[in-house]
Amino acid sequence: MDKNFKRFILVFFLALGMTSLHTLYAQGGKTVTGTVTDPGGMPLPGVTVQEKGTTNGVATDFDGNFSIDVASNNAVLVFSYVGMTNVEQAVGSQNSFTITMESNEESLEEVVLIGYGSQERKAVSTAVTKVDTDDFNQGQVSSPVELIQGKVAGLQITRAGGNNPNGGTAIQLRGVTSITGSTSPLIVIDGIPGGNLDLLQQNDIESFDVLKDGAAAAIYGTRGTNGVILITTKKGKKGKSTFNYSSFVSRDYVNSKPNFLSADQFRAAIADGIISANNDLGASTDIFEELVNRSNLTQYHNFVASGGNENGNYRASLYYKDSEGIALENGREEFGVRASFNQKGLDDKLTFASSVVVNVNDANLLGGNQFGIVTDWNPTAPIYAPFNTSEEGVLFNQGRYGFYQPENGYNPFSEYANRFNQRKQITFSGDVKLGYEIIPGLVASVFGSYQRNSWNDRFYRSTQDYQQYNTGSPYFGTGYAYKGNHIDYTQTVEPTINFTKDFGDHGFELLGGYSYQYSTTEEYSMDNSGFTTDGFEDWNFGAGNAITDTDLPRPNLSSFKEDNTLIAYFSRLSYNYLDRYFLQASVRHEGSSRFGANNKWASFPAISGGWLISDENFMEGSAWVNNLKLRAGYGITGNQGIPNYQSIVTLGTGGKYPVFLDGADGATYYQTYGPVKNPNPDLKWETKKEFNIGVDFGFWFNKLSGSIDYYTRRTEDLLLSYDVPQPPFVQGSIYTNVGNITNNGLELALSYRVFEEGDFKWNVDFVGSYQNNELTTLSNQIFSVSELYGGNIGNPGNLGDAIRNTEGGPIGNFYGKRFAGFTVDGKWLFHKADGTIGRASDMTEEDKAIIGNGLPKYYASLTNTFRYKNFDLTILLRGKFKYDILNTVDLFYGNPSLLPGNVLTSALGQYSNITEAPQYSDYYLENGDFVKLDNLTLGYNFNLGENSPFSALRLFGSARNLATFTGYTGRDPEVQDTGLYPGIDDRNFYPRTVTVTAGVNVNF
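Quick look at the structure, then. Because the structure is predicted, anything quoted here is derived from the model rather than measured.

This part takes up the overall build of the protein chain. When helices and strands are counted, the protein chain shows eight helices and 51 strands. Its C-alpha atoms put the protein chain at 130 × 80 × 70 Å along the principal axes. Carbon and sulfur atoms make up 55% of the accessible area of the protein chain, which totals about 44900 Å². One way to put it: in the protein chain the 76 positive side-chain charges average out to a point 4 Å from where the 107 negative ones average out.

The side chains of a regular strand alternate, first on one face of the sheet and then on the other. In strand β7 (residues 96–100), alternate side chains face the same way, and those of Phe97 and Ile99 are buried while those of Ser96, Thr98 and Thr100 on the opposite face are not. Relative to β7, strand β1 (residues 30–37) runs parallel, the two sharing five bridges. Bridge pairing in β7 places Thr35 opposite Thr98.

Before going further, it helps to examine the sheet that holds strand β42 (residues 837–838). As summarised here, the arrangement of the three strands in space is β40-β41-β42, forming an open sheet in which the pairing is antiparallel. Edge strands, defined here as strands with exactly one partner in the open sheet, are β40 (818–822) and β42. Where β40 and strand β41 (residues 828–831) come together, four bridges link them in antiparallel fashion. In the strand pairing of β41, Gly821 is matched with Leu829.

Glancing now at the pattern of salt bridges. Overall, the coordinates contain 50 salt bridges when judged by the stated rule. Taking the shortest distance from any N to any O, the salt bridge between Glu690 and Arg713 comes out at 3.1 Å. Highlighted residues: Glu690 in strand β32 (residues 686–699) and Arg713 in strand β33 (residues 704–723), separated in sequence by 23 residues. Like Arg713, Glu690 is buried. One salt bridge in this structure joins Asp847 and Lys832, with 2.6 Å as the shortest N-O distance. In this pair, Asp847 is assigned in the loop between β42 and β43 (849–853) and Lys832 in the loop between β41 and β42, connecting sequence segments 15 residues apart. Among the residues examined, Lys832 registers a relative accessible area of 14% and is labelled buried. Residues joined by salt bridges that share partners form a network here, namely Glu146, Arg159, Arg878, Lys880, Lys932, Asp934, Arg960, Asp972, Glu974, Asp977 and Arg992.

This part covers helix α4 (residues 263–271). For α4, the full list of buried residues reads Ala263, Phe266, Ala269 and Ile270. The buried side chains of α4 occupy one side of the element, clustering within an arc of 120° when seen end-on. Facing away from the buried side of α4 by over 90 degrees, the exposed positions are Asp264 and Ala271. Remark: Gly273 follows α4 within two positions and exhibits a positive phi of approximately 80°.

Glancing now at the packing of aromatic side chains. For any pair of aromatic rings, the description rests on two quantities: the centre-to-centre distance and the angle between the ring planes. Counted by the stated rule, this structure contains 59 aromatic pairs. One aromatic cluster is present, formed by Phe819, Phe822, Trp828, Phe830, Tyr911, Tyr923 and Tyr924 through successive ring pairs. Positioned above the aromatic ring of Trp539 is the side chain of Lys483, whose terminal nitrogen or guanidinium carbon lies 3.8 Å from the ring centre. Note that Lys932 overlies the ring of Phe930, its terminal NZ or CZ placed 5.8 Å from the centroid.

For the bond from Gln726 to Pro727, the omega torsion is -20°, close enough to zero to count as cis. Omega for the peptide link from Pro727 to Pro728 comes to 10°, which places this bond in the cis form. Phi at Asn961 is positive, roughly 55°, even though this residue is not glycine. Taking relative accessible area as the criterion, Asn961 reaches 10% and is therefore assigned buried.

Now for the nonpolar core. Within the largest apolar cluster, 45 residues are counted, with the highest numbers of intra-cluster contacts made by Ile287, Ala802, Phe814, Leu886 and Tyr920. The element contributing the most residues to this core is helix α8 (residues 888–893), with four residues. Contacts of Tyr920, omitting those with residues within four sequence positions, involve Ile793, Leu799, Asp801, Ala802, Phe814, Tyr815, Gly816, Lys817, Ile851, Leu886 and Leu891.

What counts, and where the lines are drawn
- Residues numbered from 1 in each chain as written.
- Predicted model: local features only at pLDDT ≥ 70, side-chain atom pairs only at ≥ 80, totals over all residues.
- Heavy atoms only, no water.
- Helix = DSSP H or I, 4+ residues; strand = E, 2+ residues; numbered from the N terminus.
- Areas by Shrake-Rupley, 256 points an atom, 1.4 Å probe, with all protein chains shown as cover.
- Lys, Arg positive; Asp, Glu negative; His and termini not counted.
- Charge placed at Lys NZ, Arg CZ, Asp CG, Glu CD.
- Buried < 20%, exposed > 50% of the residue type's maximum accessible area, 1.4 Å probe, protein only.
- Pairing = 2+ DSSP bridges.
- Salt bridge = Lys/Arg side-chain N within 4 Å of Asp/Glu carboxyl O.
- Arc of directions from axis to C-beta.
- Phe/Tyr/Trp six-rings, centres within 6.5 Å; stacked < 30°, edge-to-face > 60°.
- Lys NZ or Arg CZ within 6 Å of the ring centre and 35° of its normal.
- Core = buried A, V, L, I, M, F, W, Y, C linked by side-chain atoms within 4.5 Å.
- Contact = heavy atoms within 4.5 Å.

So yeah, pure geometry; function would need other evidence.
Laid out in structure tokens, this is it:
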């Protein structure tokens, strides 16, 4: 090679190297090394070290060392680690760093609502669970409380009626606490006790704080027995004005249905001689599929304007939601406004807060309850057919107007065409709170609210409705109309005074207050028939001939009003020493008009304490323990959730008697009145006494955190009607206090940050609970009841009640016959009490036994949250364990004796040997254990440039009730599990669905 060429090559690469080196040093590029340790000086492996604003990053090795190339001396390194507070370090001219990371104490600084106030998490000495917006279940929910389903240990939220937009949600905390009183927790919305859930939209909720134990709930006295759910709505924030638009669309899909005979299978049974040929009506109808609204669509829109400055803030939201159920003629349309305003003045001593919310909804109640017709509908019957009552023709049909009318049933499509059932409802709430700081630490305030709920019901059956014109109808082909109105309102006034003061290592907070709440309900309704035209529907009641034609059913008029008053005085003292010893005591003295003259008032005290062990000097060497707190509390609460006027005599109508007035040609008949109940001046609250002990913990820099709670509670003076002799009593029963219920349980909540490195994060949250419920006593020396029966199974066969709750036994016991097999010809055999085996006709009441229990012992849920760059994925698994389900669908319709009525395919398969009518026994009890893939949500947050009109944009997709893993053979193992009579899979069902949602959230 030529020497000159070699020299050229050498000079070229030297020049290139010098240029690169010059460029590198001109930019300040260099390698930075260092070590990362915890507060105790121990190395931290796996810490993410990232150059801020770039994707350039490394992780520390086993000894906590790192080495990273950065672009310039202006670079900033960000150190992040699970459970530790992020550290930012400017590089500057240094080449090596020693970084000490501190434990993240956010969880201890979290503010928790405790009723009439708030506390930092570390100071809370009672069992309180907080769920924020980030942890809510995503997608479509029918009730706001479903946002925290599976998020709070001990809280059961169940929709046994499926995703019916007009259905209810059962809520129960820590088991059954009453027989006839309220069993749902008290709902408090922005300080309003007894808040209406209809006024809440999911995008307007900031957080839920659940007061679980007696010590936490005692501040609410007579309404705290079932726990308290404090719901906080979103408020405006300081800063520039912002707008937010949230929207989603969702659709329901049937995830399971009973496997009844199809038309082809029905005809095959005819061909086999199992069913007679005259039962083939010539059509092929899957009535279940016909009743399903395949095009259902739910849409939700929420628009928010908010903002604020140093002295005040505001937030206003406008929302619209149109929910279509999976059933035809089953939906709910609603819209409303929520607005809140907060202002400070007089050097921030005076505070004013107010909010107003209105919800207007229109519900179609006609559909949703017709799926039970599947059990009666002949699959070869048509929906539409010509009128034919002669013996000639292919199909006998008494329906005059184009619908087929089964002789022993009804046609839901005829009802859809000839009826309407509508509820229009308006709900309003307004509140205001005014506070003034008299001296530093002393704040006096007054809170007032007004809630009003009203609805108008309309129902009409036209002249073409089969019920109006069928043979034997008392309406003789005329129309029927009903109209009802309901109004209830509640007024609340609660002045309070709060004093906070620190004296060196001692901190005090004293709350005192007064509460006045008045509630009233007014109702009226009327119905009439004899309408010869449908032109007026229910808007011309006077046109109904039943007013004068006594051959028609009598018109009805009714009106009603009731009210009650609740007055209370309450106080709470919170004390802490050295910010690690905490004591709290409260008492509420409360009176209610609902109780007897001798027991109008009662006191509800509570005391609790907490010890923050992790802050003790002897824990300094345990760097892996970041939070360890012991809590214990005892509280007494009451239950006034019973009907009004139970303690006093109320009058009802009786017969009429004639009075002959002077000069009258005949008698004038006067209405008589008499007492309809026995008075009880000693009627008082049900009282619950509860002890709770718990531990809060955080280990390894809060990588693993959670709490464990054990509770035992006893509800005394249960209210129940007892038989009494006549005379001396006017009526045969009296409502009084006698029995006791005992509950105990264990609750566990865990949060584990499994992985957090670079762009990938994985968190796991678990909540689980165990509960035991016992009906301890029902009787005393005066009043006696040995058991409570419920859960009626129904007909055919008048099978009676499935559940018997017995003194001294667990709640929810199935009580019935014990299956012993079949005879060779398919007759039932059962075990008798004397050890022998008998036929169904041989069985007596003494032969029955406890055969199962419908109340789950264990509840658990597991939430996995994954984040990678802008993506997030949430997977919620939820389950219930150790309980039984009575499969009433199998019981009745898995039996060939019901033919030629429609039956399950199993009646001609595994149950084809049965030749006797259905019998209730443990043969139809199944293990209900299940795990659901209850929520799966995938979201993406867009990176938006400076020129974007939006400040944030998120898209998400969600699926609820996606899969169920269970051995239960029925439709769905999640049946009613609250109250005294759980575990019955009702055959009058609303289909369970998979709900798929797609949504968007935009800030600008």
